[in-house]
Amino acid sequence: MTFPAMLVVAKAPEPGRAKTRLAPAVGDAAAAEIAAASLLDTLQALGRVPGPPTFVAWTGDTANAVHAAEISAALARTAVLTQRGGGLGERLADAHTRVGAATGGPVFQIGMDTPQLAPDLVTECAGGLREPGGPDAVLGPAADGGWWALGLRDPRAAAVLREVPMSREDTGQRTEKALREAGLRVRTLPMMSDVDTVDDAVRVAAGVPGSRFATAVDACTEEPA
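None of the values given here were measured: they were computed from a predicted structure. (Residues numbered from 1 in each chain as written. Predicted model: local features only at pLDDT ≥ 70, side-chain atom pairs only at ≥ 80, totals over all residues. Heavy atoms only, no water.)

1. A look at the overall build of the protein chain
Piece 1. For the protein chain, the helix and strand inventory stands at 8 helices and 7 strands.
Piece 2. Taken over C-alpha atoms, the radius of gyration comes to 17 Å for the protein chain, in line with the 17 Å a tight globule of 225 residues would show.
Piece 3. Projected onto its principal axes, the C-alpha coordinates of the protein chain cover approximately 60 × 35 × 35 Å.
Piece 4. Taking all 225 residues of the protein chain together, the buried fraction comes to 53%.
Piece 5. Accessible surface computed for the protein chain: about 10,200 Å², of which carbon and sulfur atoms make up 51%.
Piece 6. When the 21 positive and 27 negative side-chain charges of the protein chain are each reduced to one mean point, those points stand 8 Å apart. (Helix = DSSP H or I, 4+ residues; strand = E, 2+ residues; numbered from the N terminus. Rg over C-alpha atoms; globule rule 2.2 N^0.38 Å. Buried < 20%, exposed > 50% of the residue type's maximum accessible area, 1.4 Å probe, protein only. Areas by Shrake-Rupley, 256 points an atom, 1.4 Å probe, with all protein chains shown as cover. Lys, Arg positive; Asp, Glu negative; His and termini not counted. Charge placed at Lys NZ, Arg CZ, Asp CG, Glu CD.)

Printed below as a string of structure tokens:
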């Protein structure tokens, strides 16, 4: 079995549309800078993971994004799919199915909110999907009650996401329950922190000093002289 294809679900970091929970604390422009840094760090890390090309399920206006030229160049090194569907669950299910159909193998999906992910950690987390007798799904819980990663041996199983309420404190639990009720053997991955608030951003940045993300966070949270 081939190594799982990497799938990033992302949107253009447009000021006023990106990181809307973070923006009230740092401003629309800074929130978009942080979102762009998170996306670029994520794509750079996944570019060093062995296997098929990274796929990006994309939405938004790239031309209006912060660092549009850099983002366009990074996306050009991936296979970009336009997000399709209404709610988030429907769009995730569609993206998994399309990537699985394109590669004929398992899919490991993350968002653009975990820039602390290193290539070796991604490789380790996704690798279980190719183990003989291994899990049918791997699910990475997020500290806020959601999830940061979902890997599926058969990407068509993502259809269960259509019925899972997203962006709730129990989304992670509901997702795991839906997968198990569909008959899948689920392996739980290490918990990670998404970046939704200033505290999240500062905590994650502290773990990746010198990164693009940490630089963006430091620029908008440092005390004035």
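Let's pick the thread back up.
2. A closer look at the packing of helix α2 (residues 28-46) against helix α3 (residues 68-76)
Piece 1. Where α2 contacts α3, the axes come no closer than 11 Å and their chain directions differ by 25°. Classified by the interaxial angle, the pair formed by α2 and α3 is roughly parallel. Our pair here, α2 against α3, has a crossing hand that is left-handed. Of the residues in α3, those in contact with Ala36, Leu39, Leu40 and Leu43 of α2 are Glu70, Ile71, Ala74 and Leu75. (Axes fitted to C-alpha atoms, helices over the stretch in contact; angles between N-to-C directions. Parallel < 35°, antiparallel > 145°, perpendicular 65-115°, else oblique. Left-handed = near helix turned anticlockwise from the far one by under 90°. Contact = heavy atoms within 4.5 Å.)

3. Notes on the nonpolar core
Piece 1. Core analysis: the largest hydrophobic core is formed by 34 residues, its most contacted members being Met6, Trp58, Ile71, Phe108, Ile110 and Trp148.
Piece 2. Excluding residues that lie within four positions of it along the chain, Ile71 makes contacts with Pro13, Ala36, Leu39, Leu40, Trp58, Thr62, Ala65 and Val66.
Piece 3. Counting residues in each nonpolar core, the second largest holds 26 residues, with Leu92, Ala95, Val99 and Ala178 among its members. (Core = buried A, V, L, I, M, F, W, Y, C linked by side-chain atoms within 4.5 Å.)

4. Overview of helix α8 (residues 212-221)
Piece 1. Of the residues making up α8, those classed as buried are Phe213, Ala214, Ala216 and Val217. What you see down the axis of α8 is that its buried residues fit within an arc of 160°, all on one side. In α8, the exposed positions angled more than 90 degrees off the buried face are occupied by Thr215 and Ala219.
Piece 2. Looking at the buried residues of α8, the elements they touch are α2 and α7 (198-207). (Arc of directions from axis to C-beta.)

5. Here we look at the packing of aromatic side chains
Piece 1. Using the criterion set out here, one finds 1 aromatic pair in the structure.
Piece 2. Aromatic side chains Phe108 and Trp148 sit 6.5 Å apart centroid to centroid with 75° between the ring planes, which places their arrangement in the edge-to-face category. Placement of the pair is Phe108 in strand β4 (residues 107-110) and Trp148 in strand β6 (residues 147-152), with a sequence separation of 40 residues.
Piece 3. For Phe108, a relative accessible area of 1% corresponds to the buried category.
Piece 4. Look at Trp148 and you get buried, because its relative accessible area is 3%. (Phe/Tyr/Trp six-rings, centres within 6.5 Å; stacked < 30°, edge-to-face > 60°.)

6. A closer look at helix α5 (residues 119-127)
Piece 1. Taken residue by residue, α5 has Pro119, Val122, Cys125, Ala126 and Gly127 as its buried positions.
Piece 2. In this fold, the buried residues of α5 make contact with β1 (5-11), α2, β4, β5 (137-141) and β6.

7. Regarding the layout of surface pockets
Piece 1. Its boundaries defined by the atoms lining it, the largest pocket holds a volume of some 1,000 Å³.
Piece 2. Along the walls of the largest pocket sit 34 residues, with Leu88, Asp113, Ser167, Asp194 and Asp196 positioned nearest its centre.
Piece 3. Mapped by element, the contributors of at least two residues to the lining of the largest pocket are β1, α4 (88-103), β4 and β6.
Piece 4. Class assignment for the residues of the lining of the largest pocket results in 14 nonpolar, 9 polar and 11 charged.
Piece 5. The volume enclosed by the second largest pocket comes to roughly 290 Å³.
Piece 6. Secondary-structure elements contributing two or more residues to the lining of the second largest pocket are α2 and α3. (1 Å grid on protein atoms, 1.4 Å probe; cavity = no way out; pocket = protein on both sides within 12 Å on 5 of 7 lines; lining within 4 Å. Points joined across faces, edges and corners; volume = space filled by probe spheres on them. Nonpolar A, V, L, I, M, F, W, Y, C, P; charged D, E, K, R; others polar.)

8. So, the sheet that holds β5
Piece 1. On the basis of which strands lie adjacent, the open sheet formed by 7 strands has the order β3-β2-β1-β4-β6-β5-β7 and mixed pairing. Two strands in the sheet have a free side with no partner beyond their single neighbour: β3 (79-82) and β7 (186-188). On average, each strand axis in the sheet is inclined to that of its neighbour by 20°, with strand direction left out of account.
Piece 2. Strand contacts of α5: β1, β4, β5 and β6, with the helix running at about 130° to β4, the strand carrying the most contacts.
Piece 3. Together, β5, β6 and β7 form the strand contacts of helix α6 (residues 171-181), whose direction differs from that of β6 by roughly 15°. (Pairing = 2+ DSSP bridges.)

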